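Below, each chain spelled out in residue letters.
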Amino acid sequence: MAENNTCSFFMSYFEIIGGESLQGEVRCSGAKNAALPIMAGALLASEPVRLENVPRLTDVRTQARVLRELGMHVEQIDGRMLLETVDPRPVRVPERSAQRMRASFCTLGPLLARRRKAIVPLPGGCAIGNRPVDLHLKGLAALGAELQLQHGCVVASARRLTGADIDLCGPNGSTATGTANVMSAAVMARGVTILRSAALEPEIVDLGRFLIALGAKIEGLGTPTLRIEGVDQLGGAPHRLIPDRIEAATLLLAVAITGGSAVVKDIVPEHLETVLQLLRAAGAEIGVQNSGVSIQTPKRLRAVDIVARPYPGVPTDLQAQWTALMAIAEGTTRVQDCVFGNRFLHVAELNRLGASIQCDGNTAFVKGVSSLQGATVTAGDLRASAALVLAGLAAEGRTIVNRIRHLDRGYELLDRKLQRLGAKIERRTVQPLNNSTPNAVAALFNESSRLASG
Ligand code: EPU
């Protein structure tokens, strides 16, 4: 497997010298949240699967490791990935892989459909709040799976799944990976499944298109109601993953927060419609091309409120970055997250950079300030990291963003892409010394932070 040149290391951090206005052209990678369930879906194929536009990310590598542990041959060379089942017997996802990444839970539906049994650790709570899987289990139970919770694992079995009429609506709307799990199981169930309140996210539509390429019969993709006619066997197929709309939007916001102008290419503009409307409302000039979007921004944007909701609403995966953008906009912004109501880890760190943000329940109130000042901040999750990078690009002086391993889970070479646009951002790694104790390593790390903030 080609080594990922994003060196994801627990001692890596970004050093950013803010104030450069970003200009130029940049290309987007394939979508992480399409890659992960589609890789799991390859468990269903009886022949090799070839994926293209696969991003080189820590999460993709973790999913590849999970699939190898499930008897698959997985090989990634640059953006291409080959997946093939070599041993169809394993059904247990090891705990250590499940702990690293929630999307390992997407193997549950495919394992159950193809191998009739699955033992998959329950994904725990995580840095962005409580993330239940009751809807995944409800859907699989409706298809006839027997489910038990044993020692923190979902133990699932079924002689043969049977089609059913299932509504996957939860308290906050549809579920993306829940839809992925149930759809991936239903494609090999006996008879017809009607899946209601299905997720509309382009990544789930992409999974559906992939399953159809393997031979599945799915109607209604991109609408809330799917009709799935089960088949006995699925073959193999090539499939090109859609571009990452969250990466694209993050890059557009990076340009916007620096008052720059640029073109973000290799994207599907219609996946970004809501975000483009927000940017226009904030005062940016947006031009839409075939597979690209140009943005030109004034020195200061206007405050625009958002409410994060499932697609086609404003993505929760962009809530933190929008909060960063609004931190230096003119006026006060209300940022509400109706998907993950506790996803505000970035707020305290943005305030450390001079922002003025107060949280109340699932809402942040952002009072725009005229400028941010560089400081040392620590990322708590993937999108919070991206928000801190954006803020650092706009802040006066030097910003250190620690713990960027979170960022490497979901952004392919973000630092290089931003450099291409003229950003002063460097990845730095503190090498642990030979035989260094954790304390010695921590001391080095603190030293890097001290130097940085000085
Ligand atoms: N929910 C339930 N019960 C369930 C499942 C979900 O109540 O069984 C609730 C959740 O608590 C949440 C809402 O439904 O309030 C939506 O959650 P969803 O299930 O859609 O989230 P997910 O599938 O676990 C995916 C992405 C996340 C992204 C969310 C929302 C992947 C691998 N992950 O998670 O991506 O935030 O959808 O769009 O696709 C990220 O990339 O940073 C990330 C966290």
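None of these values were measured; they are calculated from a predicted model.

Draft legend 1. Up close: the overall build of the chain. The helix and strand inventory of the chain stands at 15 helices and 23 strands. Taking 22 Å as the expected radius of gyration for a compact globule of 454 residues, we find that the chain reaches 22 Å, a close match to that expectation. Out of the 454 residues belonging to the chain, those deemed buried represent 56%. Considering only residue pairs separated by 6 or more positions, the chain has 73% of its internal contacts joining residues 24 or more positions apart. Total accessible area on the chain is roughly 18,000 Å²; 47% of this is exposed by carbon and sulfur atoms. On the chain, the mean spot of the 50 positive side-chain charges and the mean spot of the 42 negative ones are 3 Å from each other.

Draft legend 2. Representation of the environment of Pro-171 in the model. One can find Pro-171 in the loop between strand S9 (165–167) and helix H6 (176–186). Relative accessible area serves as the criterion here: at 81%, Pro-171 is assigned to the exposed category. The spacing of Pro-171 and Val-339 is 168 residues in sequence and 9.2 Å in space, taken between C-alpha atoms.

Draft legend 3. Focus on the site of the ligand. Around the ligand, the surrounding shell holds 25 residues, and the nearest of these are Asn-172, Thr-175, Thr-177, Asp-317 and Val-339. In the model, an oxygen atom of the ligand is placed 2.7 Å from a nitrogen or oxygen of the Asn-172 side chain. Within the side chain of Arg-343, one N or O atom sits 3.2 Å away from an oxygen atom of the ligand. When the ligand sits alone it has 830 Å² of accessible area, and the protein chains cover 91% of it. Mapped by element, the contributors of at least two residues to the shell around the ligand are helix H1 (32–41), helix H5 (134–142), H6 and helix H12 (382–394). Sort the elements by how many residues they give to the shell around the ligand and H5 lands first, with three residues.

Draft legend 4. Region of the structure containing the packing of helix H8 (residues 245–257) against helix H10 (residues 319–326). Orientation of H8 relative to H10, taken along the N-to-C sense of each, is 5°, at an axis distance of 10 Å. When the axes of H8 and H10 are compared, the pair comes out roughly parallel. Residues Ile-246, Thr-250, Leu-253, Ala-256 and Ile-257 of H8 form the contact with H10, whose own contacting residues are Gln-321, Trp-322, Ala-324 and Leu-325. Residue composition of the contact of H8 with H10, grouped by class: seven nonpolar, two polar and no charged.

Draft legend 5. Focus on the sheet that holds S9. Taken together, the four strands give an open sheet; going across it, the order is S9-S10-S12-S11, and neighbouring strands pair in mixed fashion. Where the open sheet ends on each side, the last strands, each with one partner, are S9 and strand S11 (217–219). Here the average twist between neighbouring strands, direction ignored, is 15°. Of the pairings in the sheet, the one linking strand S10 (residues 192–196) to strand S12 (residues 226–229) comprises four bridges and is antiparallel in character.

The rules behind these values
- Residues numbered from 1 in each chain as written.
- Predicted model: local features only at pLDDT ≥ 70, side-chain atom pairs only at ≥ 80, totals over all residues.
- Heavy atoms only, no water.
- Helix = DSSP H or I, 4+ residues; strand = E, 2+ residues; numbered from the N terminus.
- Rg over C-alpha atoms; globule rule 2.2 N^0.38 Å.
- Buried < 20%, exposed > 50% of the residue type's maximum accessible area, 1.4 Å probe, protein only.
- Contact = heavy atoms within 4.5 Å.
- Areas by Shrake-Rupley, 256 points an atom, 1.4 Å probe, with all protein chains shown as cover.
- Lys, Arg positive; Asp, Glu negative; His and termini not counted.
- Charge placed at Lys NZ, Arg CZ, Asp CG, Glu CD.
- Near = heavy atom within 4 Å.
- Polar contact = N/O pair within 3.5 Å; in protein donor to acceptor, adjacent residues only side chain to side chain.
- Axes fitted to C-alpha atoms, helices over the stretch in contact; angles between N-to-C directions.
- Parallel < 35°, antiparallel > 145°, perpendicular 65-115°, else oblique.
- Nonpolar A, V, L, I, M, F, W, Y, C, P; charged D, E, K, R; others polar.
- Pairing = 2+ DSSP bridges.

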